[in-house]
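Inside the fold
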Amino acid sequence: MQAKNIIEVIVDVPTMQTDRPYDYSIPEDLKDLIQPGMRVQVPFGSRNLLGYVISDPKATTDFEGELKDITALLDDEPVLSPEMLALGKQIAAENFCFLVEAYHTMLPNLLKVDYDKYFLPTTSISYREHAQYFSDFNEISWAEAEEKGYLADLIKLKKDNKVSIDYRVEDRKRYKTEKWVQPLMGFDQLEDELQNVRKTAKKQLALVEVLMELDGKKVSAKYFEEFDIHMATLKAGAEKGWLSLFDQPVNRDPYANIVIEKSEKLQLQAQQERAFAAVKTAMDAQKDEVFLLQGVTGSGKTEVYLQLIQEALDKGQEAILLVPEISLTPQMVNRLKGRFGDMVAVLHSQLSTGEHFDEWRKLKNGQAKIAVGARSSIFAPLHNIGLIILDEEHETTYKQSDNPRYHAREVAKWRANKHGCPVILGSATPSLESRARAQNGVYTLLEMPERSNHQALPPVELIDMREEFRHKNYYQFSRKLRDEMQATMDRGEQVALMLNRRGYANFMQCRDCGYTFQCPNCDVSLTYHYHNKQLQCHYCGYNAARPQTCPQCGQTHLREFGTGTEKVEQEINELFPNKTVVRMDMDTTRRKGSHERMLKQIADKKADILLGTQMIAKGLDFPNITLVGIINADTSLYLPDFRAAERTFQLLTQMSGRAGRGDLSGQVLIQTYNPDHYALTLAQHHDYDTFYQTEMRYRKLNQYSPYFYTVRFTVSNFDDHTAMATAAKVAHMLREANVAGTKIIGPAQSTISRVNNQYYYQLLYQHRGNQAIHQVLQAIQDRAQNWSKDKIYVSIDVDPMTFM
Ligand SMILES: Nc1ncnc2c1ncn2[C@@H]1O[C@H](COP(=O)(O)OP(=O)(O)OP(=O)(O)O)[C@@H](O)[C@H]1O
Ligand SMILES: [Zn+2]
Ligand SMILES: [Zn+2]
């Protein structure tokens, strides 16, 4: 029998040509160690790259030529389980991305290695050049070359083949360590030592005493701090042979210093009990049933989740709870940690890579059993999942907008099937797709129509802003909203104000000639930022100081237009000078912990008004907020997206749901220029069912989801005409394929037709789920392989969530 010393590796080169396994031979010393799912370093062309082992060792290869050896093994145990290896293949196939991209997405960033580049002299280099750039060494790192200003020269030498570049994989330091102390002497010996220490060396005396008490036990160096003994003294103790210091790996716990109140199980109400029982039945039967839990805002969905998670734990199983990034508020985390303590691992984008890795590792080694987090937490490395929950299932952020363009809901169903466990999709305003599936019996519908405080949902009033204009009120605030804010705050209650910012920004215009400031690289207006007085491009990052004169006419009457949170804040300060505002938006919450601090100000009633963007519409549960105001309901209504009405309805309903959640009753005021639009009038009456029916009719008429599936092709190139011509070729291929029941829309310029000097065209392909579609898409993907050599990029987005 031949020795099995060949394995298949997926290499970290995300291009179409390399999107397949490569065979490598296993060097003798790694033979017993290597397993599928481990990361390795492999030679590839002239480089050394990261790769994922995806097969068991095998005896033969189809490759004709000599196989190269694996250079290094990077893991001591697989980072991808067999389940994950299979899931990656599924994701790559369904979303037209590269396998290596799928695997990268599943793992914490810390496991994605850095590449370090080195310049090496070749035999053609002259003695003088060698001496100049390498002195006595035979390599120089890219970073060092950059620092010394050699980079341009070395790149030139590379062109003349006088130096070569070597790529090396640098695995980052994975474990955080902490100094620990191992006492080296017993009680009696230490007692003798005590006699030898000078009586004035107070710290050393104290150290010996503490060591005597420890009686040989290892402790963290931190332990000594409470005796005022610090590192210098410990080091002195080590020199005297009393103790040794060593590095102990520790978990970085982002929540370590936060005191969390314990929460007790609540007595479930009847509607909660029914939902709970239905899901528990599926859990007991190990059935991968999908439930749509449709419960109005404040109906107590979260409590149902918590009690079902407890069920999973009781069975010795694990659970995943996905929430949109923006509702990963400290409130939510506290509710979970309060109930389940250290069993919870929280994964979100504000963690450092190290913290993120440690949370991931806790799940992998079983220290934690509940994964809570945003989209990518669906890949939590759990072994025996008993329940998967997607809260706010309608949120579009559950679908990744870059490769791999997976939807967490689809991944959840795939994993549930493997683990034999149910999935809960929870929402007050389910996506039309999910609700339609529940209607057809594909999902099981569970409804919770009542608020748990037994109060009615708050009354909602629409305020026609055109009227305000007619009355010469040019503020962002209608008279009614101003009056109600005053009255609410007079009663000692709080106000939440939301600014609907989607697709909207502040821009600057010349009042004399109408000139608007555009990004030089993109076809968008620059956004004006008040705090640093800069014009910025939100697409490419371009920025410039606020100009004093108009570049077109030379006049100085420049004016900022639009409603930004900063501008509204200014107006609030003008209208209510004695009140405190907390402003939450992308700018104010970037810093770690800022979220927490702001919400605490509201919870502690240190602020009267919470002003924010979409990010405050979800999950917040503050009983003293009784007035909700929506400054501009309409901005999301006329986006070039067939889901515009659905998004608007959902957002208004969610935000309205923040009012009157405690014993005090609430009210909601929505300012709009479209008071007759059905998305607004139905949100006003909390009427999801009628909205669903109305919107479904519109979707059917226009052949949109959920009646039709959509595929979006985006073609880009630095040349406008080439991009357009390629988009036309894609359209041609689709037409040629001639699959029954399909429709092609476009090609047309993308909404933002130029970003970073690349021109964008898009094409929509509508179909009815016909099997033949996949082949057509695959054929286009294959063609795109050739185009990509000419820097023409085609991306395929299956079931896109955005059309911008
Ligand atoms: N069985 C119960 N008994 C008493 N209070 C409850 C019960 N269930 C939930 N609550 C309380 O009702 C309030 C709303 O519950 P929760 O936040 O879970 O609702 P939700 O449906 O998740 O809301 P939203 O979708 O608006 O975020 C909370 O303050 C919660 O503590
Ligand atoms: Zn001008
Ligand atoms: Zn730009």
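Everything numeric in this text was worked out from a predicted model, so none of it was measured.

About the criteria used
- Residues numbered from 1 in each chain as written.
- Chains lettered and ligands numbered in written order.
- Predicted model: local features only at pLDDT ≥ 70, side-chain atom pairs only at ≥ 80, totals over all residues.
- Helix = DSSP H or I, 4+ residues; strand = E, 2+ residues; numbered from the N terminus.
- Rg over C-alpha atoms; globule rule 2.2 N^0.38 Å.
- Buried ≥ 20, exposed ≤ 12 C-beta atoms within 10 Å, placed from the backbone.
- Contact = placed C-beta atoms within 7 Å.
- Pairing = 2+ DSSP bridges.
- Right-handed = clockwise from strand over helix to strand, strands pointing away.
- UniProt positions renumbered as here; feature names shortened; annotations may be inferred.
- Axes fitted to C-alpha atoms, helices over the stretch in contact; angles between N-to-C directions.
- Near = placed C-beta within 6 Å.
- Nonpolar A, V, L, I, M, F, W, Y, C, P; charged D, E, K, R; others polar.
- Expected span 1.5 Å × (residues − 1).
- Parallel < 35°, antiparallel > 145°, perpendicular 65-115°, else oblique.
- Left-handed = near helix turned anticlockwise from the far one by under 90°.
- Core = buried A, V, L, I, M, F, W, Y, C linked by C-beta atoms within 7 Å.

Section: the overall build of the protein chain
Helix and strand counts for the protein chain come out as 23 helices and 33 strands. For the protein chain, whose C-alpha radius of gyration is 31 Å, the value lies close to the compact-globule estimate of 28 Å for 804 residues. Taking the principal axes of its C-alpha atoms as reference, the protein chain extends roughly 85 × 75 × 70 Å. Of all 804 residues assigned to the protein chain, the portion counted as buried reaches 39%. Residue pairs at least 24 apart in sequence account for 73% of intrachain contacts in the protein chain once pairs closer than 6 positions are excluded.

Points about the pairing of strand E26 (residues 581-584)
Across four bridges, E26 lies against strand E27 (residues 609-612) in parallel orientation. Within the sheet, the bridge partner assigned to Arg583 lies in E27 and is Leu611. Handedness of the crossover joining E26 and E27 through helix H18 (residues 594-603): right-handed.

Re the environment of Val495
In this fold, Val495 is placed in strand E20 (residues 494-498). In this structure the C-alpha to C-alpha distance between Val495 and Val581, which are 86 residues apart in sequence, comes to 9.5 Å. Excluding its chain neighbours within four sequence positions, the residues that come into contact with Val495 are Met485, Thr488, Met489, Asp608, Ile609, Ile625, Leu627 and Gly629.

Digging into the UniProt feature "binding site: Zn(2+) 1" (unreviewed entry) in the protein chain
Residues annotated by UniProt as "binding site: Zn(2+) 1" (unreviewed entry) correspond here to Cys510, Cys513, Cys550 and Cys553. Over a stretch of 44 residues, the named residues converge on one spot in the fold, their C-alpha atoms separated by at most 8.6 Å. Residue position: Cys510 is located in strand E21 (residues 507-510). Those residues within four positions of Cys510 in sequence are excluded, and the remaining contacts are Tyr515, Cys550, Gln552, Cys553, Gln555, His557 and Leu558. As for its position among the elements, Cys550 is in the loop between strand E24 (543-545) and strand E25 (558-561). A tally of 20 C-beta atoms within 10 Å means that Cys550 is categorised as buried. Contact partners of Cys550, with chain neighbours within four places excluded, come to Cys510, Asp512, Cys513, Tyr515, Gln555 and Leu558.

Considerations on the environment of Val208
Turning to its location among the elements, Val208 is positioned in helix H7 (residues 202-214). Taking the C-alpha atoms as reference points, Val208 and Ala679, 471 residues apart in sequence, are found 74 Å from one another. The residues touching Val208, leaving out its near neighbours within four places in the chain, are Leu190, Glu193, Leu194, Val197 and Trp242.

Overview of the sheet that holds strand E23 (residues 534-536)
Spatially, the three strands line up as an open sheet ordered E22-E23-E24, and their pairing is antiparallel. If you trace the sheet from one side to the other, it starts and ends with strand E22 (527-529) and E24, each paired once. Each strand axis lies, on average, 25° off the axis of its neighbour in the sheet, ignoring direction. Bridge analysis of E22 against E23 gives three bridges, and the strand direction is antiparallel.

Things to note about the site of ligand 1
Lining the immediate surroundings of ligand 1 are 19 residues, of which Thr297, Gly300, Lys301, Thr302 and Ser452 lie closest. Broken down by element, the shell around ligand 1 gets its largest block of residues, three residues, from helix H10 (residues 301-314). Its residues assigned to classes, the shell around ligand 1 shows three nonpolar, twelve polar and four charged.

Here's the deal with helix H23 (residues 772-789)
Helix length check: H23, at 18 residues, gives a terminal C-alpha distance of 28 Å against a target of 26 Å (1.5 Å per residue), a fit within 8%. Within H23, the full set of buried residues consists of Ile773, Val776, Leu777, Ile780 and Ala784. Considering only its buried residues, H23 is in contact with strand E30 (709-717), helix H22 (720-737), strand E32 (758-767) and strand E33 (793-798). Directly beyond the C-terminal end of H23, a positive phi value near 60° is found at Lys791.

As for unusual backbone geometry
A cis amide bond, omega -15°, links Asn403 with the succeeding residue Pro404. Among the secondary structure elements, Pro404 is positioned in the loop between strand E16 (385-390) and helix H13 (408-419). Of note, the bond from Ser705 into Pro706 is cis; its omega dihedral lies within 30 degrees of zero at 5°. Note that Pro706 resides in the loop between helix H21 (688-702) and E30. Non-glycine residue His454 carries a positive phi angle of around 60°. Tracing the chain through its elements places His454 in the loop between strand E18 (444-448) and strand E19 (460-464). By C-beta crowding, His454 is classed as exposed, having 7 other C-beta atoms within 10 Å. For His686, which is not glycine, the phi dihedral falls at a positive 50°. Relative to the assigned elements, His686 resides in the loop between helix H20 (678-684) and H21.

Concerning the packing of H22 against H23
Where H22 contacts H23, the two axes come as close as 10 Å, and the packing angle between them is 150°. With respect to their mutual orientation, H22 and H23 come out roughly antiparallel. Here H22 runs over H23; the crossing is right-handed. Of H23, the residues touching H22 (which contributes Thr726, Val730, Met733, Leu734 and Ala737) are Val776, Ala779, Ile780 and Trp787. Per-class residue counts for the contact of H22 with H23 are eight nonpolar, one polar and no charged.

Focus on the nonpolar core
The biggest cluster of nonpolar side chains holds 114 residues, and the ones touching the most others in it are Val9, Phe291, Ile320, Leu321 and Ile370. For this core, the element with the highest residue contribution is H10, accounting for six residues. If you look at the next biggest cluster of nonpolar residues, it comprises 47 residues, including Val460, Leu497, Met584 and Phe649.

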